[in-house]
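Breakdown of the fold
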Amino acid sequence: MHAWVLDGGFGTEHLRWTKCEIPVPAAGQILVRLHAVSVNYRDVLIVEGSYNPRLSMPRILGSDGAGEVIAVGPDVDRFRVGDRVIGCFMQKWADGPLTDTAARSTLGADRDGTFAQYVLLEQAGAVPLPEDWDYASAATLPCAALTAWNALISGECRPGKTVLLLGTGGVSIFGLQLAKAMGARVLLLSGQEHKRERAAQLGADATANYHTVPEWDRWVREQTEGQGADIVLEVGGAGTLERSLRAVRRGGYIALIGVLAGRGTIDPMPILMKAVRLQGIFVGSRKMFEDMLVFLQQHRLRPVIDRRFPLPELPAALEAMRRGIHFGKIVLDIIPGVPG
Ligand SMILES: NC(=O)c1ccc[n+]([C@@H]2O[C@H](COP(=O)([O-])OP(=O)(O)OC[C@H]3O[C@@H](n4cnc5c(N)ncnc54)[C@H](OP(=O)(O)O)[C@@H]3O)[C@@H](O)[C@H]2O)c1
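Every value quoted in this text rests on a predicted model; they were computed, and no experiment measured them. (Residues numbered from 1 in each chain as written. Predicted model: local features only at pLDDT ≥ 70, side-chain atom pairs only at ≥ 80, totals over all residues. Heavy atoms only, no water.)

Moving on: the domain arrangement of the chain. Here the domain parsing of the chain yields domain 1 (2-140 + 303-333) and domain 2 (145-280). Look at where the C-alpha atoms of domain 1 and domain 2 centre, and you get two points 28 Å apart. Contacts between the two partners involve 13 residues from domain 1, matched on the other side by 15 residues from domain 2. When domain 1 packs against domain 2, the two sides together hide about 1,100 Å² of surface, and 61% of this comes from carbon and sulfur. Per-residue buried area on domain 1 facing domain 2 is highest for Tyr41, Val304 and Phe327; these three make up 45% of the total on that side. Our enumeration of links across domain 1 and domain 2 arrives at one salt bridge. Counting the contacts that link domain 1 with domain 2 gives six residue pairs in polar contact (both at pLDDT 80 or more). (Domains from an automatic or database assignment. Contact = heavy atoms within 4.5 Å. Buried area = accessible area lost by both parts, 1.4 Å probe. Salt bridge = Lys/Arg side-chain N within 4 Å of Asp/Glu carboxyl O. Polar contact = N/O pair within 3.5 Å; in protein donor to acceptor, adjacent residues only side chain to side chain.)

Glancing now at the site of the ligand. Not every one of the 28 residues close to the ligand is listed here, only the nearest: Thr168, Ser190, Gly191, Tyr210 and Ile281. Glutamine 192 places a polar side-chain atom, nitrogen or oxygen, 3.5 Å from an oxygen atom of the ligand. Against a free-state accessible area of 930 Å², the protein chains account for coverage of 88% of the ligand. Mapped onto the shell around the ligand, the elements with two or more residues apiece are α1 (41-48), α4 (141-154) and α5 (170-181). For the shell around the ligand, the per-class residue count stands at 15 nonpolar, twelve polar and one charged. (Near = heavy atom within 4 Å. Areas by Shrake-Rupley, 256 points an atom, 1.4 Å probe, with all protein chains shown as cover. Helix = DSSP H or I, 4+ residues; strand = E, 2+ residues; numbered from the N terminus. Nonpolar A, V, L, I, M, F, W, Y, C, P; charged D, E, K, R; others polar.)

So, about helix α7 (residues 216-223). Along α7, the residues classified as buried are Trp216, Asp217, Trp219 and Val220. Down the axis of α7, the buried set is contained in an arc of 155°. They therefore lie on one face. Among the residues trailing α7, glutamate 225 stands out with phi positive, at a value near 50°. (Buried < 20%, exposed > 50% of the residue type's maximum accessible area, 1.4 Å probe, protein only. Arc of directions from axis to C-beta.)

Once that is clear, we can look at the state of the cysteines. The tally for this structure, following the rule as stated, stands at zero disulfides. Its sulfur unpaired, cysteine 143 is 12 Å from the next cysteine sulfur, which belongs to cysteine 88. (Disulfide = S-S within 2.5 Å.)

Moving on, we get to the nonpolar core. In this structure, Leu141, Leu152, Val163, Leu164, Leu178 and Phe289 are the most contacted members of the largest nonpolar core, which totals 73 residues. Per-domain counts for this core show at least three residues from each of domain 1 (2-140 + 303-333) and domain 2 (145-280). Not counting chain neighbours up to four residues away, the residues in contact with leucine 152 comprise Cys157, Val163, Gly175, Leu178, Ala179, Met182, Ile231 and Leu233. Core analysis: the second largest hydrophobic core is formed by 33 residues, Val76, Phe309, Leu314 and Ala317 among them. (Core = buried A, V, L, I, M, F, W, Y, C linked by side-chain atoms within 4.5 Å.)

The next point concerns the pairing of strand β7 (residues 118-122). With four of five residues buried, β7 is to be regarded as a mostly interior element. Across five bridges, the pairing between strand β3 (residues 29-39) and β7 is antiparallel. Within the sheet, the bridge partner assigned to isoleucine 30 lies in β7 and is leucine 121. (Pairing = 2+ DSSP bridges.)

On to the packing of α4 against helix α10 (residues 286-298), then. Between α4 and α10, whose axes approach to 10 Å, the crossing angle comes to 85°. With respect to α10, the element α4 is oriented roughly perpendicular. When α4 is examined against α10, the residues Leu141, Pro142, Ala145, Leu146, Trp149 and Asn150 are found in contact with a partner set consisting of Met288, Phe289, Asp291, Met292, Leu293, Phe295 and Leu296. Here the contact of α4 with α10 is built from residues that sort into eleven nonpolar, one polar and one charged. (Axes fitted to C-alpha atoms, helices over the stretch in contact; angles between N-to-C directions. Parallel < 35°, antiparallel > 145°, perpendicular 65-115°, else oblique.)

Spatially, six strands are ordered β11-β10-β9-β12-β13-β14 in an open sheet, and the strand pairing comes out parallel. What marks the edges here is a single partner per strand, and that holds for β11 (206-209) and β14 (277-280). Each adjacent strand pair in this sheet contributes to an overall mean axis angle of 15°, direction not counted. In this structure, strand β9 (residues 162-166) lies alongside strand β10 (residues 185-190), joined through five bridges in parallel fashion. Note that in β10 the partner of threonine 162 across the bridge is arginine 185. Strands β9, β12 (229-234), β13 (248-256) and β14 of the sheet are contacted by α4, whose axis makes an angle of about 155° with β12.

This part covers unusual backbone geometry. Across the junction of methionine 57 and proline 58, the peptide omega takes the value 0°, indicating a cis bond. At glutamate 225, a residue that is not glycine, the phi angle is positive and equals roughly 50°. In this structure, glutamate 225 sits in the loop between α7 and β12. By relative accessible area, which is 76% here, glutamate 225 ends up exposed.

What follows deals with the UniProt feature "domain: Enoyl reductase (ER)" (unreviewed entry) in the chain. With numbering matched to this structure, UniProt assigns "domain: Enoyl reductase (ER)" (unreviewed entry) to residues 11-332. The span residues 11-332 carries 30% helix and 26% strand; its end-to-end C-alpha distance comes to 20 Å. (UniProt positions renumbered as here; feature names shortened; annotations may be inferred.)

This is the structure in C-alpha coordinates:
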(Lines give C-alpha, C1' and ligand atoms only; values in the text may rest on other atoms or scores of the structure.)
Protein backbone atom coordinates (compact mmCIF):
# COMPACT_ATOMS: atom_id res chain seq x y z
CA MET A 1 0.00 0.00 0.00
CA HIS A 2 0.97 3.67 -0.20
CA ALA A 3 0.85 6.01 2.78
CA TRP A 4 1.99 9.47 3.83
CA VAL A 5 4.82 8.85 6.27
CA LEU A 6 6.64 11.43 8.38
CA ASP A 7 10.19 10.20 8.88
CA GLY A 8 13.59 11.59 9.82
CA GLY A 9 12.38 14.97 11.15
CA PHE A 10 9.64 17.55 11.04
CA GLY A 11 8.64 19.73 8.08
CA THR A 12 6.94 18.90 4.79
CA GLU A 13 10.32 17.88 3.34
CA HIS A 14 10.15 14.85 5.67
CA LEU A 15 6.64 13.90 4.62
CA ARG A 16 6.78 11.22 1.92
CA TRP A 17 4.25 9.23 -0.13
CA THR A 18 5.83 5.87 0.64
CA LYS A 19 5.23 2.22 -0.21
CA CYS A 20 4.54 0.24 3.01
CA GLU A 21 3.42 -3.26 3.97
CA ILE A 22 -0.33 -3.69 4.37
CA PRO A 23 -0.75 -4.35 8.11
CA VAL A 24 -2.21 -7.62 9.37
CA PRO A 25 -4.97 -7.44 12.01
CA ALA A 26 -4.11 -9.00 15.38
CA ALA A 27 -6.68 -10.16 17.91
CA GLY A 28 -9.51 -7.64 18.25
CA GLN A 29 -8.38 -5.60 15.24
CA ILE A 30 -9.86 -4.88 11.83
CA LEU A 31 -8.17 -3.90 8.57
CA VAL A 32 -9.97 -1.13 6.72
CA ARG A 33 -9.57 -0.15 3.07
CA LEU A 34 -9.99 3.62 3.26
CA HIS A 35 -12.12 5.48 0.73
CA ALA A 36 -11.85 9.01 2.13
CA VAL A 37 -9.95 10.80 4.89
CA SER A 38 -10.04 14.37 6.15
CA VAL A 39 -7.44 16.88 7.24
CA ASN A 40 -7.38 18.68 10.58
CA TYR A 41 -5.31 21.61 11.79
CA ARG A 42 -3.68 19.06 14.11
CA ASP A 43 -2.04 17.47 11.04
CA VAL A 44 -0.42 20.81 10.17
CA LEU A 45 0.87 21.09 13.76
CA ILE A 46 2.17 17.50 13.71
CA VAL A 47 4.12 18.03 10.49
CA GLU A 48 5.69 21.27 11.75
CA GLY A 49 6.64 19.55 15.04
CA SER A 50 4.66 21.69 17.45
CA TYR A 51 1.95 19.12 18.31
CA ASN A 52 4.28 16.50 19.76
CA PRO A 53 8.01 17.27 19.47
CA ARG A 54 8.71 13.68 20.62
CA LEU A 55 6.55 12.05 17.94
CA SER A 56 7.75 8.52 17.27
CA MET A 57 8.82 8.13 13.61
CA PRO A 58 8.32 6.77 11.03
CA ARG A 59 4.64 7.57 11.51
CA ILE A 60 1.72 7.40 9.07
CA LEU A 61 -0.23 10.62 9.71
CA GLY A 62 -3.99 11.29 9.71
CA SER A 63 -6.69 10.78 12.35
CA ASP A 64 -9.89 10.76 10.30
CA GLY A 65 -11.02 8.21 7.77
CA ALA A 66 -13.86 6.02 6.54
CA GLY A 67 -13.80 2.83 4.53
CA GLU A 68 -14.73 -0.84 4.38
CA VAL A 69 -13.52 -3.72 6.52
CA ILE A 70 -11.48 -6.13 4.37
CA ALA A 71 -10.02 -8.41 7.05
CA VAL A 72 -10.63 -9.13 10.73
CA GLY A 73 -8.30 -10.55 13.36
CA PRO A 74 -9.17 -13.30 15.88
CA ASP A 75 -11.92 -12.54 18.44
CA VAL A 76 -13.51 -9.78 16.39
CA ASP A 77 -17.26 -9.76 16.96
CA ARG A 78 -18.33 -6.15 16.34
CA PHE A 79 -17.59 -6.09 12.59
CA ARG A 80 -17.47 -8.38 9.57
CA VAL A 81 -15.67 -8.18 6.24
CA GLY A 82 -17.61 -5.79 4.00
CA ASP A 83 -18.90 -3.55 6.81
CA ARG A 84 -18.55 0.21 6.25
CA VAL A 85 -16.88 1.93 9.21
CA ILE A 86 -15.49 5.21 10.52
CA GLY A 87 -12.37 5.12 12.68
CA CYS A 88 -12.36 6.79 16.10
CA PHE A 89 -9.74 9.46 16.78
CA MET A 90 -8.76 7.64 19.99
CA GLN A 91 -8.60 3.89 19.55
CA LYS A 92 -8.96 3.17 23.27
CA TRP A 93 -11.67 5.53 24.52
CA ALA A 94 -14.92 3.63 24.32
CA ASP A 95 -16.84 5.42 27.08
CA GLY A 96 -16.52 7.19 30.43
CA PRO A 97 -13.92 9.80 31.36
CA LEU A 98 -10.70 10.31 29.39
CA THR A 99 -7.87 8.05 30.64
CA ASP A 100 -4.10 8.08 30.03
CA THR A 101 -4.46 4.97 27.89
CA ALA A 102 -7.15 6.60 25.76
CA ALA A 103 -5.23 9.86 25.37
CA ARG A 104 -2.22 7.88 24.13
CA SER A 105 -4.17 5.92 21.52
CA THR A 106 -4.69 8.61 18.88
CA LEU A 107 -4.49 7.79 15.19
CA GLY A 108 -1.82 9.62 13.24
CA ALA A 109 0.34 10.43 16.28
CA ASP A 110 0.42 7.60 18.86
CA ARG A 111 -0.23 4.96 16.19
CA ASP A 112 -0.27 4.83 12.42
CA GLY A 113 -3.12 6.81 10.98
CA THR A 114 -5.41 7.25 8.02
CA PHE A 115 -3.41 9.07 5.33
CA ALA A 116 -2.97 5.69 3.67
CA GLN A 117 -4.79 3.20 1.51
CA TYR A 118 -5.39 0.91 4.51
CA VAL A 119 -5.54 1.42 8.27
CA LEU A 120 -5.53 -0.99 11.17
CA LEU A 121 -8.18 -0.22 13.80
CA GLU A 122 -9.18 -1.74 17.13
CA GLN A 123 -12.66 -3.17 16.74
CA ALA A 124 -13.54 -1.03 19.78
CA GLY A 125 -12.11 2.00 17.96
CA ALA A 126 -14.56 2.13 15.06
CA VAL A 127 -18.22 2.91 14.54
CA PRO A 128 -20.55 1.59 11.83
CA LEU A 129 -21.16 4.03 9.00
CA PRO A 130 -24.91 4.69 8.55
CA GLU A 131 -26.19 3.44 5.18
CA ASP A 132 -27.13 6.84 3.78
CA TRP A 133 -23.74 8.42 4.49
CA ASP A 134 -21.06 8.60 1.82
CA TYR A 135 -17.43 7.99 2.73
CA ALA A 136 -16.31 11.60 2.19
CA SER A 137 -18.92 13.01 4.58
CA ALA A 138 -18.19 10.31 7.15
CA ALA A 139 -14.46 11.02 6.99
CA THR A 140 -15.01 14.56 8.30
CA LEU A 141 -16.48 13.44 11.62
CA PRO A 142 -13.91 11.77 13.93
CA CYS A 143 -11.98 14.85 15.10
CA ALA A 144 -13.64 18.20 14.30
CA ALA A 145 -17.29 17.19 14.58
CA LEU A 146 -16.83 15.11 17.73
CA THR A 147 -14.84 17.90 19.37
CA ALA A 148 -17.61 20.42 18.67
CA TRP A 149 -20.22 17.92 19.90
CA ASN A 150 -18.30 17.14 23.13
CA ALA A 151 -17.81 20.87 23.79
CA LEU A 152 -21.48 21.73 23.26
CA ILE A 153 -22.80 18.77 25.29
CA SER A 154 -20.37 19.55 28.10
CA GLY A 155 -21.51 23.21 27.97
CA GLU A 156 -25.17 22.09 28.21
CA CYS A 157 -26.11 23.74 24.95
CA ARG A 158 -29.89 24.09 24.52
CA PRO A 159 -32.57 26.60 23.49
CA GLY A 160 -32.09 29.95 25.19
CA LYS A 161 -28.29 29.71 25.23
CA THR A 162 -25.97 31.84 23.11
CA VAL A 163 -22.89 30.18 21.62
CA LEU A 164 -19.84 32.09 20.39
CA LEU A 165 -17.75 30.53 17.62
CA LEU A 166 -14.34 31.69 16.41
CA GLY A 167 -13.57 31.33 12.72
CA THR A 168 -15.04 29.05 10.10
CA GLY A 169 -12.79 25.98 10.19
CA GLY A 170 -13.82 22.38 10.81
CA VAL A 171 -14.62 22.62 14.52
CA SER A 172 -16.44 25.96 14.31
CA ILE A 173 -18.64 25.07 11.34
CA PHE A 174 -19.65 21.79 12.97
CA GLY A 175 -20.20 23.87 16.12
CA LEU A 176 -22.51 26.15 14.14
CA GLN A 177 -24.55 23.31 12.63
CA LEU A 178 -24.83 21.40 15.91
CA ALA A 179 -25.59 24.42 18.12
CA LYS A 180 -28.35 25.58 15.76
CA ALA A 181 -29.83 22.07 15.71
CA MET A 182 -29.74 22.12 19.55
CA GLY A 183 -31.83 25.29 19.44
CA ALA A 184 -29.15 27.76 20.55
CA ARG A 185 -28.44 31.23 19.22
CA VAL A 186 -25.07 31.46 17.45
CA LEU A 187 -22.67 34.38 17.19
CA LEU A 188 -19.75 33.78 14.85
CA LEU A 189 -16.50 35.62 14.13
CA SER A 190 -14.61 35.31 10.88
CA GLY A 191 -11.67 37.17 9.39
CA GLN A 192 -13.17 37.00 5.89
CA GLU A 193 -16.34 38.69 4.64
CA HIS A 194 -17.42 35.98 2.19
CA LYS A 195 -17.17 33.40 5.00
CA ARG A 196 -19.42 35.54 7.22
CA GLU A 197 -22.03 35.39 4.49
CA ARG A 198 -21.75 31.62 4.19
CA ALA A 199 -22.02 31.27 7.99
CA ALA A 200 -25.18 33.39 7.97
CA GLN A 201 -26.65 31.15 5.24
CA LEU A 202 -25.93 28.16 7.48
CA GLY A 203 -27.89 29.78 10.31
CA ALA A 204 -25.48 32.00 12.26
CA ASP A 205 -27.69 34.62 13.96
CA ALA A 206 -25.06 37.37 13.91
CA THR A 207 -21.50 37.56 12.59
CA ALA A 208 -18.61 39.99 12.86
CA ASN A 209 -15.17 40.29 11.31
CA TYR A 210 -12.44 40.01 13.94
CA HIS A 211 -10.13 42.15 11.77
CA THR A 212 -12.51 45.09 11.45
CA VAL A 213 -14.03 44.53 14.91
CA PRO A 214 -10.88 43.76 16.93
CA GLU A 215 -12.77 44.46 20.18
CA TRP A 216 -15.21 41.68 19.41
CA ASP A 217 -15.85 40.96 23.10
CA ARG A 218 -17.73 44.28 23.17
CA TRP A 219 -19.70 43.21 20.07
CA VAL A 220 -20.64 39.95 21.80
CA ARG A 221 -21.90 41.82 24.87
CA GLU A 222 -23.91 44.18 22.62
CA GLN A 223 -25.51 41.13 21.01
CA THR A 224 -26.44 39.67 24.40
CA GLU A 225 -27.92 42.65 26.25
CA GLY A 226 -24.65 43.23 28.03
CA GLN A 227 -24.50 39.70 29.48
CA GLY A 228 -21.99 37.91 27.25
CA ALA A 229 -22.18 34.49 25.58
CA ASP A 230 -23.18 31.42 27.59
CA ILE A 231 -20.83 29.07 25.72
CA VAL A 232 -17.59 29.79 23.84
CA LEU A 233 -15.84 27.23 21.63
CA GLU A 234 -12.28 28.55 22.06
CA VAL A 235 -10.22 27.41 19.09
CA GLY A 236 -7.79 30.35 19.16
CA GLY A 237 -5.91 29.53 22.36
CA ALA A 238 -3.87 32.05 24.31
CA GLY A 239 -4.16 34.58 21.45
CA THR A 240 -7.94 34.87 21.87
CA LEU A 241 -8.68 33.52 25.36
CA GLU A 242 -8.32 36.83 27.13
CA ARG A 243 -10.96 38.35 24.86
CA SER A 244 -13.16 35.25 25.10
CA LEU A 245 -13.08 35.67 28.88
CA ARG A 246 -14.42 39.20 28.38
CA ALA A 247 -17.02 37.93 25.92
CA VAL A 248 -18.41 35.13 28.12
CA ARG A 249 -21.12 35.85 30.66
CA ARG A 250 -20.56 35.53 34.40
CA GLY A 251 -20.83 31.84 35.27
CA GLY A 252 -20.51 30.97 31.58
CA TYR A 253 -18.62 28.11 29.96
CA ILE A 254 -15.53 28.13 27.74
CA ALA A 255 -14.44 24.96 25.96
CA LEU A 256 -10.67 25.15 25.48
CA ILE A 257 -10.08 23.47 22.17
CA GLY A 258 -7.36 24.94 20.01
CA VAL A 259 -4.29 27.03 19.48
CA LEU A 260 -4.94 28.75 16.12
CA ALA A 261 -3.97 32.16 17.52
CA GLY A 262 -0.97 30.84 19.45
CA ARG A 263 0.10 29.61 22.86
CA GLY A 264 1.30 31.69 25.80
CA THR A 265 0.31 32.77 29.26
CA ILE A 266 -3.08 33.82 30.57
CA ASP A 267 -4.21 35.87 33.56
CA PRO A 268 -6.36 33.65 35.82
CA MET A 269 -8.10 36.61 37.49
CA PRO A 270 -11.07 37.00 35.11
CA ILE A 271 -11.69 33.25 35.28
CA LEU A 272 -12.29 33.34 39.01
CA MET A 273 -13.86 36.78 39.20
CA LYS A 274 -16.45 35.79 36.59
CA ALA A 275 -16.76 32.23 37.96
CA VAL A 276 -16.22 30.93 34.44
CA ARG A 277 -16.20 27.19 33.83
CA LEU A 278 -13.12 26.51 31.70
CA GLN A 279 -13.09 22.99 30.30
CA GLY A 280 -10.31 21.40 28.25
CA ILE A 281 -11.76 19.29 25.44
CA PHE A 282 -9.86 16.44 23.79
CA VAL A 283 -12.04 15.17 20.94
CA GLY A 284 -14.36 12.55 22.45
CA SER A 285 -15.16 8.91 23.19
CA ARG A 286 -16.72 6.30 20.92
CA LYS A 287 -19.96 6.58 22.95
CA MET A 288 -20.03 10.33 22.26
CA PHE A 289 -19.40 9.56 18.56
CA GLU A 290 -22.35 7.14 18.51
CA ASP A 291 -24.61 9.67 20.25
CA MET A 292 -23.51 12.36 17.78
CA LEU A 293 -24.28 10.11 14.79
CA VAL A 294 -27.83 9.56 16.09
CA PHE A 295 -28.24 13.33 16.48
CA LEU A 296 -26.85 14.03 12.99
CA GLN A 297 -29.29 11.50 11.55
CA GLN A 298 -32.25 12.91 13.49
CA HIS A 299 -31.50 16.43 12.31
CA ARG A 300 -30.43 15.39 8.79
CA LEU A 301 -27.16 17.27 9.19
CA ARG A 302 -24.35 16.82 6.70
CA PRO A 303 -20.85 18.30 6.91
CA VAL A 304 -19.71 21.27 4.88
CA ILE A 305 -16.92 20.03 2.63
CA ASP A 306 -15.06 22.98 1.19
CA ARG A 307 -12.74 21.17 -1.20
CA ARG A 308 -11.42 17.73 -2.08
CA PHE A 309 -8.01 16.50 -3.16
CA PRO A 310 -6.75 13.07 -4.17
CA LEU A 311 -4.73 11.57 -1.28
CA PRO A 312 -1.39 11.87 -3.11
CA GLU A 313 -1.92 15.66 -3.00
CA LEU A 314 -1.86 15.82 0.82
CA PRO A 315 0.80 18.60 0.92
CA ALA A 316 -1.53 20.88 -1.10
CA ALA A 317 -4.40 20.11 1.30
CA LEU A 318 -2.21 20.86 4.33
CA GLU A 319 -1.08 24.12 2.75
CA ALA A 320 -4.72 25.15 2.10
CA MET A 321 -5.49 24.41 5.74
CA ARG A 322 -2.42 26.27 7.00
CA ARG A 323 -3.45 29.35 5.01
CA GLY A 324 -7.02 29.11 6.32
CA ILE A 325 -8.64 29.52 2.92
CA HIS A 326 -11.21 26.80 3.57
CA PHE A 327 -14.70 26.95 5.10
CA GLY A 328 -15.56 23.77 7.02
CA LYS A 329 -13.67 20.65 6.05
CA ILE A 330 -11.07 19.50 3.53
CA VAL A 331 -11.36 15.89 2.32
CA LEU A 332 -8.85 13.62 0.58
CA ASP A 333 -10.24 10.91 -1.69
CA ILE A 334 -8.61 7.52 -2.09
CA ILE A 335 -9.05 5.75 -5.39
CA PRO A 336 -8.65 2.01 -4.70
CA GLY A 337 -5.55 0.49 -6.24
CA VAL A 338 -4.12 3.79 -7.49
CA PRO A 339 -0.96 4.76 -5.62
CA GLY A 340 -0.73 8.11 -7.43
N1 LIG B 1 -8.80 19.83 21.58
C2 LIG B 1 -9.19 19.05 20.59
O3 LIG B 1 -9.61 17.92 20.79
C4 LIG B 1 -9.18 19.59 19.20
C5 LIG B 1 -9.90 18.95 18.18
C6 LIG B 1 -9.94 19.55 16.92
C7 LIG B 1 -9.24 20.72 16.70
N8 LIG B 1 -8.51 21.27 17.70
C9 LIG B 1 -7.80 22.51 17.51
O10 LIG B 1 -8.80 23.50 17.29
C11 LIG B 1 -8.32 24.46 16.37
C12 LIG B 1 -9.26 24.49 15.18
O13 LIG B 1 -9.15 23.27 14.47
P14 LIG B 1 -9.82 23.12 13.04
O15 LIG B 1 -9.42 21.78 12.54
O16 LIG B 1 -11.25 23.51 13.11
O17 LIG B 1 -9.01 24.24 12.26
P18 LIG B 1 -9.23 24.85 10.83
O19 LIG B 1 -10.27 24.10 10.08
O20 LIG B 1 -7.87 24.96 10.24
O21 LIG B 1 -9.79 26.32 11.16
C22 LIG B 1 -9.07 27.44 10.83
C23 LIG B 1 -9.96 28.67 10.84
O24 LIG B 1 -9.97 29.29 12.12
C25 LIG B 1 -10.07 30.68 11.98
N26 LIG B 1 -9.01 31.40 12.71
C27 LIG B 1 -7.69 31.37 12.50
N28 LIG B 1 -7.06 32.20 13.34
C29 LIG B 1 -8.03 32.79 14.09
C30 LIG B 1 -8.03 33.76 15.11
N31 LIG B 1 -6.90 34.32 15.53
N32 LIG B 1 -9.22 34.11 15.66
C33 LIG B 1 -10.37 33.55 15.25
N34 LIG B 1 -10.43 32.63 14.27
C35 LIG B 1 -9.27 32.26 13.70
C36 LIG B 1 -10.01 30.99 10.50
O37 LIG B 1 -11.36 31.19 10.07
P38 LIG B 1 -11.77 32.52 9.27
O39 LIG B 1 -11.02 32.47 7.98
O40 LIG B 1 -13.24 32.41 9.13
O41 LIG B 1 -11.36 33.68 10.13
C42 LIG B 1 -9.43 29.72 9.91
O43 LIG B 1 -9.86 29.49 8.61
C44 LIG B 1 -6.88 24.06 16.05
O45 LIG B 1 -5.99 24.70 16.92
C46 LIG B 1 -6.87 22.57 16.33
O47 LIG B 1 -5.58 22.09 16.63
C48 LIG B 1 -8.47 20.73 18.93
